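Here's the letter readout for the chains.
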Amino acid sequence: MDSTVKYMLLFVLFGLLILIRVFEDELFYDPYLTFFQNDYLYIDSPRREIFKVTLFTSLRYFINTAISLGILYVVFMDKSIIKFSAFIYAIAFIILIAIYLYFVINPKQEDYYLFFNVRRFIIQPIILMVLLPAFYYNKLRS
């Protein structure tokens, strides 16, 4: 792939991740957005529809995952990296959504900080920020 096209695709894909973050209020139902922007350690959990918040949180995870896999493909052009990354994303989703559901269903004030961090792993492309340098380092070593 031509380097100009590669950089343009990366610009577009990273731009999409940024747009998801910028328009998260309009795109996704998430009462926890404003909850965690406030002094959440001292207030009660917001009212929420468990199915709806889980659905929109999962949707955001899958959109971020698709874009992240696109970024990894454009950078490395290696299908085995994409297959391994998709596996990592799938396992991470199963583990994270189970923990997330526990915190949504059983909100306890002492668990808010842990809930905040688990939710962050779901709604932000943190796994990409781990995989990208890891695969790059692996590529340099081989």
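## Observations regarding the overall build of the chain
Within the chain one finds 7 helices and 0 strands. N-terminal to C-terminal, the α/β element order of the chain is α-α-α-α-α-α-α. When the 142 residues of the chain are sorted by exposure, 38% land in the buried category. Taking all contacts inside the chain whose residues are at least 6 apart in sequence as the whole, residues at least 24 apart take part in 71%. Carbon and sulfur atoms provide 68% of the accessible area of the chain, an area that totals close to 8900 Å².

## Focus on the side chain of Ser85
With respect to the secondary-structure elements, Ser85 resides in helix H5 (residues 79-105). Polar contacts involving the side chain of Ser85 include one to the main-chain carbonyl oxygen of Ile81, which spans 2.8 Å. Not counting the four nearest positions on each side in its chain, Ser85 is found in contact with Leu69, Leu72, Leu131 and Phe135.

## So, the environment of Phe135
As for its placement among the helices and strands, Phe135 is situated in helix H7 (residues 126-141). By relative accessible area, Phe135 is classed as buried at 12%. A C-alpha to C-alpha distance of 7.9 Å links Phe135 and Ile81, two positions 54 residues apart in sequence. The residues contacting Phe135, other than those within four sequence positions of it, are Leu72, Phe76, Ile81, Phe84 and Ser85.

## Looking at helix H6 (residues 112-123)
Taking 1.5 Å of rise per residue, the 12 residues of H6 would be expected to cover 16 Å, and the 16 Å separating its terminal C-alpha atoms lies within 8% of that figure. Every buried residue of H6 is accounted for by Tyr112, Phe115, Phe116, Val118, Arg119, Ile122 and Ile123.

## Some remarks on the pattern of salt bridges
Taken as a whole and assessed by the stated rule, the structure comprises 2 salt bridges. Two residues, Glu24 and Arg21, come together in a salt bridge whose shortest N-O distance is 3.3 Å. On the basis of relative accessibility, which here comes to 7%, the residue Glu24 falls in the buried class. Here Glu24 ties to Arg60 by a salt bridge, and the two come within 2.8 Å at their closest N and O atoms. One end of the pair, Glu24, is in helix H2 (residues 24-27); the other, Arg60, is in helix H4 (residues 50-76), and 36 residues separate them in sequence. Classification of Arg60 as buried rests on a relative accessible area of 3%.

## Looking at the nonpolar core
Among the nonpolar cores identified, the biggest contains 31 residues, and Tyr61, Ile71, Leu72, Tyr89, Tyr100 and Ile122 are the most heavily contacted of them. Here this core takes 10 residues from H5, the largest share from any one element. Ignoring anything within four residues of it in the chain, the contact list for Leu72 reads Met77, Ile82, Ser85, Leu128, Leu131, Leu132 and Phe135.

## Some words on the packing of H5 against H6
The N-to-C vectors of H5 and H6 enclose an angle of 140°; their axes lie 10 Å apart at closest approach. By the angle between their axes, H5 is oblique relative to H6. The hand of the H5/H6 crossing is left-handed. Of the residues in H6, those in contact with Leu96, Ile97, Ile99, Tyr100, Phe103 and Val104 of H5 are Leu114, Phe115, Val118, Arg119, Phe121 and Ile122. For the contact of H5 with H6, the per-class residue count stands at 11 nonpolar, no polar and 1 charged.

What counts and how
Residues numbered from 1 in each chain as written. Predicted model: local features only at pLDDT ≥ 70, side-chain atom pairs only at ≥ 80, totals over all residues. Heavy atoms only, no water. Helix = DSSP H or I, 4+ residues; strand = E, 2+ residues; numbered from the N terminus. Buried < 20%, exposed > 50% of the residue type's maximum accessible area, 1.4 Å probe, protein only. Contact = heavy atoms within 4.5 Å. Areas by Shrake-Rupley, 256 points an atom, 1.4 Å probe, with all protein chains shown as cover. Polar contact = N/O pair within 3.5 Å; in protein donor to acceptor, adjacent residues only side chain to side chain. Expected span 1.5 Å × (residues − 1). Salt bridge = Lys/Arg side-chain N within 4 Å of Asp/Glu carboxyl O. Core = buried A, V, L, I, M, F, W, Y, C linked by side-chain atoms within 4.5 Å. Axes fitted to C-alpha atoms, helices over the stretch in contact; angles between N-to-C directions. Parallel < 35°, antiparallel > 145°, perpendicular 65-115°, else oblique. Left-handed = near helix turned anticlockwise from the far one by under 90°. Nonpolar A, V, L, I, M, F, W, Y, C, P; charged D, E, K, R; others polar.

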